[in-house]
Amino acid sequence: MGQIWKTSRDVVVGAYEEIMAYRDGRMRPAKTGFKFIDDAMLGGLYPRHAIAIGARPGVGKSYLAQRIMSNVMDTRINPGAVNYAWVRCEFEMNPVDLMLRSISRGTGKDMRDILIGEMSDSDFDSMRSILRGESSKRIFYIDKPTSAETMREAIWEMMGMFKDKEMVFFSIDHTALIQGRGSTKDNIDYLISVCNEAKLTFPNIFFLMISQLNREIDGRKDP
């Protein structure tokens, strides 16, 4: 077995060098576009970290995650985003529903109208513009639930592709839909262990995880 320990000097020197890389601009946190999040995260999203968004169903977790992604990948907010990659692990919604939601929010039109209602030429122009914005060589999808084992294989394969990227973001929506042979808790625990292993392995990786809280949480004595 290889040596797993380091001297305190090695740790201190490594930490100092990374801090100075942020100080002199060689490394930069990715801004989310939400001041309260950026403030809480010491300026933005840093590699080798993970954050979780947890809330009841239907309150906008997925929409917030999508807004964070859009802002992080926007070069007007993060000039370094030209060298970012984002992997959307969309376990809950299929691609058509995801695109419908984006078009609806971008145009202000109801999803039913987009599918079968009246649409003007300008509506179609707006829809095409929104879809062009969703089609990016920097954004990738895992568009159906999979197992933690398969996720591990995909993460390692993709990080091999993205080893030269400044930052690589994986968003997982939502964690309870991860598949496997065990209970939901066992499968989530395995997924978390995979993410932790990846954080220790790849210096440029970040995880944004979406988790549903129980619908009965408001009825608890201390929610």
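Each chain has its residues counted from 1, following the order in which its sequence is written. For this predicted model, a pLDDT threshold of at least 70 governs which residues receive local features, and a threshold of 80 or more governs which side-chain atom pairs are given and counted, while totals over whole chains, interfaces and linings are taken from all residues. To obtain the side-chain values, all non-hydrogen atoms of the structure were included, while hydrogens and water were left out.

Draft legend 1. Main features of empty space enclosed by the protein. Of the two site types, the cavity is a set of points on a 1 Å grid over the protein atoms alone where a 1.4 Å probe fits but cannot get out, and the pocket is an open set with protein on both sides within 12 Å along at least five of seven lines, each lined by residues with an atom within 4 Å of a point. Grid points are joined across faces, edges and corners, and a volume is the space filled by probe spheres set on the points. Applying the stated criterion to the full structure yields 1 cavity of 30 Å³ or more. Taken as a whole, the largest cavity holds about 80 Å³ of empty space. Among the elements of the structure, helix H3 (61–72), strand E2 (84–90) and strand E4 (167–173) are those that each provide at least two residues to the lining of the largest cavity. Secondary structure elements are defined from DSSP: runs of H or I of at least 4 residues count as helices, runs of E of at least 2 residues count as strands, and each element is numbered from the N terminus. Examining the composition of the lining of the largest cavity, we find that 4 residues originate from one element, H3, more than from any other. In the scheme used here, Gly and all other residues not listed as nonpolar or charged are polar, with Ala, Val, Leu, Ile, Met, Phe, Trp, Tyr, Cys and Pro taken as nonpolar and Asp, Glu, Lys and Arg as charged. Classifying every residue of the lining of the largest cavity gives 4 nonpolar, 3 polar and 4 charged.

Draft legend 2. Up close: helix H8 (residues 184–201). Take the residue count of a helix, subtract one, and multiply by 1.5 Å to get its expected span. With 18 residues, H8 ought to run about 26 Å at 1.5 Å a step, and its terminal C-alpha atoms sit 26 Å apart, in line with that. At its buried positions, H8 is contacted by helix H7 (148–161), E4 and strand E5 (205–212). Between two residues, a contact is recorded if the distance between any of their heavy atoms is within 4.5 Å.

Draft legend 3. Layout of the sheet that holds E4. Reading across the sheet, the 5 strands line up as E1-E5-E4-E2-E3 and stay open at both edges, with parallel pairing between neighbours. The sheet is open, and its two edges are formed by strand E1 (49–55) and strand E3 (139–142), each paired on a single side. Across this sheet, the average inter-strand angle for adjacent strands is 15°, counted without regard to direction. In this description, strands pair whenever DSSP reports at least two bridges between them. Looking at chain direction, E2 and E4 are connected through 7 bridges and run parallel. Looking across to E4, one finds that Tyr-84 is bridged to Met-167. For every element, the axis is a line fit to its C-alpha atoms; helices are fit only across the contacting stretch, and the angle between N-to-C directions ranges from 0 to 180 degrees.

Draft legend 4. Representation of the packing of H7 against H8 within the structure. One way to put it is that H7 packs onto H8 with a least axis distance of 9 Å and a crossing angle of 15°. The angle between H7 and H8 places the two elements in the roughly parallel class. Pair H7 / H8 crosses with right-handed handedness. Packed against H7, whose contacting residues are Ala-148, Glu-149, Arg-152, Ile-155 and Trp-156, the element H8 presents Asn-187, Tyr-190, Leu-191, Val-194, Glu-197, Ala-198 and Thr-201 at the interface. Residue composition of the contact of H7 with H8, by class: 7 nonpolar, 2 polar and 3 charged. Just so you know how the angles are binned, under 35 degrees is roughly parallel, over 145 roughly antiparallel, 65 to 115 roughly perpendicular, and the rest oblique. Definitions for this section: a left-handed crossing has its near helix turned counterclockwise from the far helix by less than a right angle. A right-handed crossing has that turn clockwise.

Draft legend 5. Main features of the packing of aromatic side chains. Any two rings among Phe, Tyr and Trp, with Trp reduced to its six-membered ring, count as a pair given centres within 6.5 Å; such a pair is stacked if its planes are under 30 degrees apart, edge-to-face if over 60, and tilted if neither. One pass over the structure, following the stated rule, counts 8 aromatic pairs. Ring plane angle 70° and centroid distance 5.4 Å describe the contact between Tyr-84 and Phe-169, whose orientation is recorded as edge-to-face. Within this pair, whereas Tyr-84 is found in strand E2, its partner Phe-169 is found in strand E4, the two being separated by 85 residues in sequence. Their ring planes at 70° and their centres at 5.1 Å tell us that Trp-156 and Phe-202 sit as a pair that is edge-to-face. Pair noted here: Trp-156 is in helix H7 and Phe-202 is in the loop between H8 and E5, with a separation of 46 residues, a long-range link. Overall, Trp-156 belongs to the partly exposed group, its relative accessible area being 22%. Any residue under 20% of the maximum accessible area for its type is buried, any over 50% is exposed, and the rest in between are partly exposed; the area is computed with a 1.4 Å probe on protein chains only.

Draft legend 6. The arrangement of the layout of surface pockets in detail. Its boundaries defined by the atoms lining it, the largest pocket holds a volume of some 420 Å³. Residues of the lining of the largest pocket, tallied by class, amount to 5 nonpolar, 7 polar and 6 charged.

Draft legend 7. A look at the nonpolar core. Core analysis: the largest hydrophobic core is formed by 24 residues, its most contacted members being Cys-89, Met-151, Ile-155, Phe-170, Ile-172, Ile-205 and Phe-207. With 6 residues, the single largest contributor to this core is H7. Setting aside residues up to four positions removed in sequence, Ile-155 forms contacts with Phe-170, Val-194, Ala-198, Phe-202, Ile-205 and Phe-207. In terms of nonpolar packing, the next biggest core, distinct from the first, is built from 20 residues, Ala-30, Phe-34, Ala-65 and Met-73 among them. Only buried Ala, Val, Leu, Ile, Met, Phe, Trp, Tyr and Cys residues count toward a nonpolar core, and they belong to the same one when joined by side-chain atoms within 4.5 Å.

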